[in-house]
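# Residue-level structural notes
Residue-level listing of the chains:
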Amino acid sequence: MTFNSHPPYDPTKPTGAHSRAGITRRRLFGTALIGAASLLAAPARAEAYRDYRRTIFVARRGVAALDAIDVDSDAVTGTLDLGLEPRELQISQRGGRLAAIDLRSPRLVSVDLAAQSRRDVPLPFIPSRLRISPDGQRLAAFDDARGTIVLLDSTDGRERSRIDGPREIREAIFSGDSSSLLVAAASVGGLSTYDIAAAQPVPPVEGPPLQALLRAPNGREGFALTAETPRRVLHLDLRSRQVLASVPSSDHPVLFATGTGIQLLAIDQHAGTLSILPSEPLQPGGVTLPAAASTAYAAWFDTVAFVPAPAARKLLIFDLERRKAAGSIALEGVPGTGVVTPDGDKLYLPIEDQGTVAVIDTHLRQRTASISIGAAPVQAIIAGGYGLCH
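All values derive from a computational prediction rather than experimental measurement.

## A short note on the overall build of the protein
Of regular secondary structure, the protein possesses one helix and 33 strands. Per-residue burial over the protein gives 55% buried out of 390 residues. A sequence separation of at least 24 residues applies to 42% of the contacts in the protein between residues at least 6 apart. A total accessible area of about 16,000 Å² is found for the protein, and carbon and sulfur atoms account for 51% of it.

Right, here's the structure in full:
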């Protein structure tokens, strides 16, 4: 695996030691990129919202734009045009950057949320995955099958470096300080790790092949799931690249860190269970409760978890302090991917077949509003929201 770093390509200058095939690829890509940047030097401005930090962005199936909801009034305030249907949507924890891909075309869209401006960025392949650094400065576009990763500047869209990484990528995250990229792949064990500033690979996290990977809210640590059975959940130090702890897991869990990081939630859709594990440090002895679901949202100072149960059309409620079920909220339809506001006060949950977004008061544990948004809302996202661990 190699990590190739180079300055933005200028097609008018000789390329020196680059191979002829490399010259052709870089020349085509560089020319397209410079052309796109010049065409979009003065992007159109549309006032879709007053403050992106107080705005929920909602993606709808088949729509090349995001609807904006003001979290103070729970009113739809406008539409942010993307120019593509966002099949994968990422937002930075800091820096006010949003990015999207449609999984069909060789490009991505980068949005400056403060300026409400969009930049279209061509890519040398159709990306299968997209990540944005926590500080909003870097975008990473992935060709999972080949292991190619392109790192771009989110401001001007220019390629800064390219990684020839492991094939069959399963997951990737930036470190909390945005200084490194960690990659889990089926083709290698442990985590392949790359230093962004030095443009060099660094010693990996040794271990078995991993299937899942997420960053803890403190940014310094993370959690991973081994791919082979019997499965285990690993607690990682992302700075030293060491395994801090390892605990047994069920066969098919999906992992969710709570907002403060004091607990780890593991949903096993096959077993129909929710496991609540203490995670500072990660240790066995958690509680497993019935929950036929695939995702979970922790809120209100990590005292409560909301778990959508699509088959039952309910939002299950779990008391994380007492570690027991605490009722449910009826849903009129099938829930999409929701988000908890950074203060933990509200959960916004799209209801795809109803064209609405349900608003849950996480302290009262009640639905307080149902916002009509239009056909097929599938994802809600906000800068700094709970659950944004990439």
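## Brief notes about the confidence of the model for the protein
Per-residue confidence for the protein gives a mean pLDDT of 87, with 87% of residues at or over 70. Every residue in residues 1-44 scores below 50 in pLDDT, and together they form 64 contacts with partners more than four places removed in sequence or on other chains.

## Looking at the packing of aromatic side chains
One pass over the full model with this rule turns up two aromatic pairs. A centroid spacing of 5.1 Å and a plane angle of 85° characterise the contact between Tyr-49 and Phe-57, whose relative ring orientation is edge-to-face. In this pair, the class of Tyr-49 matches that of Phe-57, namely buried. Measuring from centroid to centroid gives 5.0 Å for Trp-300 and Phe-301, while their planes differ by 65°, and the two rings are edge-to-face. Judged by its relative accessible area of 23%, Trp-300 is partly exposed.

## A look at the pattern of salt bridges
When charged atoms on two side chains of opposite charge get close, those side chains can pair. One pass over the structure, following the stated rule, counts 26 salt bridges. Notably, a salt bridge pairs Arg-97 with Asp-112, separated by 3.6 Å at the nearest N-O pair. Taken together, the residues span a long stretch of sequence, with Arg-97 in strand E6 (residues 97-101) and Asp-112 in strand E7 (residues 107-112) at a distance of 15 residues. One network of salt bridges, with partners in common, ties together Arg-50, Arg-54, Asp-70, Asp-72 and Asp-343.

## Quick word on the side chain of Thr-193
Counting through the fold element by element, Thr-193 comes out in strand E15 (residues 191-195). By relative accessible area, which is 3% here, Thr-193 ends up buried. Contacts of Thr-193, omitting those with residues within four sequence positions, involve Ser-180, Leu-181, Leu-182, Pro-201, Val-202, Pro-203, Pro-204, Val-205 and Arg-241.

## Considering the sheet that holds strand E14 (residues 180-185)
Taken in spatial order, the four strands line up as E13-E14-E15-E16 in an open sheet, and their pairing is antiparallel. Of all the strands in the sheet, just strand E13 (169-174) and strand E16 (200-205) have a single pairing partner and so form its edges. Across the sheet, the mean angle from the axis of one strand to that of its neighbour is 25°, orientation sign disregarded. Relative to E16, E15 runs antiparallel, the two sharing four bridges. Counted as the bridge partner of Tyr-194 is Pro-201 from E16.

## So, the environment of Ala-369
Along the chain, the position of Ala-369 falls in strand E32 (residues 366-372). Along the primary structure Ala-369 and Val-357 are separated by 12 residues, whereas in three dimensions their C-alpha atoms are 8.2 Å apart. Sequence-distant contacts of Ala-369, defined by excluding residues within four places in its chain, comprise Asp-74, Val-357, Ala-358 and Val-359.

## Remarks on the pairing of E15
A regular strand places its side chains so that they alternate between the two faces of the sheet. Counting buried residues in E15 gives four out of five residues, a clear majority hidden from the surface. Two strands pair when backbone bridges link them, and E14 and E15 are joined in this way by four bridges, in the antiparallel orientation. If you follow Val-183 over to E15, its bridge partner there is Ser-192. Adjacent in sequence and paired antiparallel, E14 and E15 are bridged by five residues, among which Gly-190 carries a positive phi angle near 65°. From the end of E15 to the start of E16, which pair antiparallel, there are four residues, and Ala-199 there has a positive phi angle of about 55°.

## Digging into the environment of Leu-214
As for its placement among the helices and strands, Leu-214 is situated in strand E17 (residues 210-215). Sequence separation of Leu-214 and Ala-224 is 10 residues, and the distance between their C-alpha atoms is 6.5 Å.

## Concerning the nonpolar core
Judged by nonpolar contacts, the single largest core of 19 residues is most densely connected at Tyr-49, Phe-57, Leu-66, Leu-98 and Leu-113. Listing elements by their share of this core, those giving two or more residues are strand E2 (55-60), strand E3 (65-70), strand E5 (88-91), E6 and E7. Apart from residues lying up to four places away in sequence, Tyr-49 is in contact with Thr-55, Phe-57, Ala-68, Thr-77, Leu-80, Leu-113 and Gln-116. Of all hydrophobic cores here, the second largest spans 16 residues; its members include Ile-267, Leu-274, Ile-276 and Leu-320.

## Overview of the sheet that holds strand E18 (residues 221-226)
With antiparallel pairing, the four strands of this open sheet are ordered in space as E17-E18-E19-E20. In this open sheet, the two strands that pair with only one neighbour each are E17 and strand E20 (242-248). Each strand axis lies, on average, 20° off the axis of its neighbour in the sheet, ignoring direction. In this sheet, E20 lies alongside strand E19 (residues 232-237) in antiparallel orientation, the contact comprising six bridges. Along E20, the bridge assignment pairs Asp-237 with Gln-242.

Cut-off values and rules
- Residues numbered from 1 in each chain as written.
- Predicted model: local features only at pLDDT ≥ 70, side-chain atom pairs only at ≥ 80, totals over all residues.
- Heavy atoms only, no water.
- Helix = DSSP H or I, 4+ residues; strand = E, 2+ residues; numbered from the N terminus.
- Buried < 20%, exposed > 50% of the residue type's maximum accessible area, 1.4 Å probe, protein only.
- Contact = heavy atoms within 4.5 Å.
- Areas by Shrake-Rupley, 256 points an atom, 1.4 Å probe, with all protein chains shown as cover.
- pLDDT = per-residue confidence, 0-100.
- Phe/Tyr/Trp six-rings, centres within 6.5 Å; stacked < 30°, edge-to-face > 60°.
- Salt bridge = Lys/Arg side-chain N within 4 Å of Asp/Glu carboxyl O.
- Pairing = 2+ DSSP bridges.
- Axes fitted to C-alpha atoms, helices over the stretch in contact; angles between N-to-C directions.
- Core = buried A, V, L, I, M, F, W, Y, C linked by side-chain atoms within 4.5 Å.

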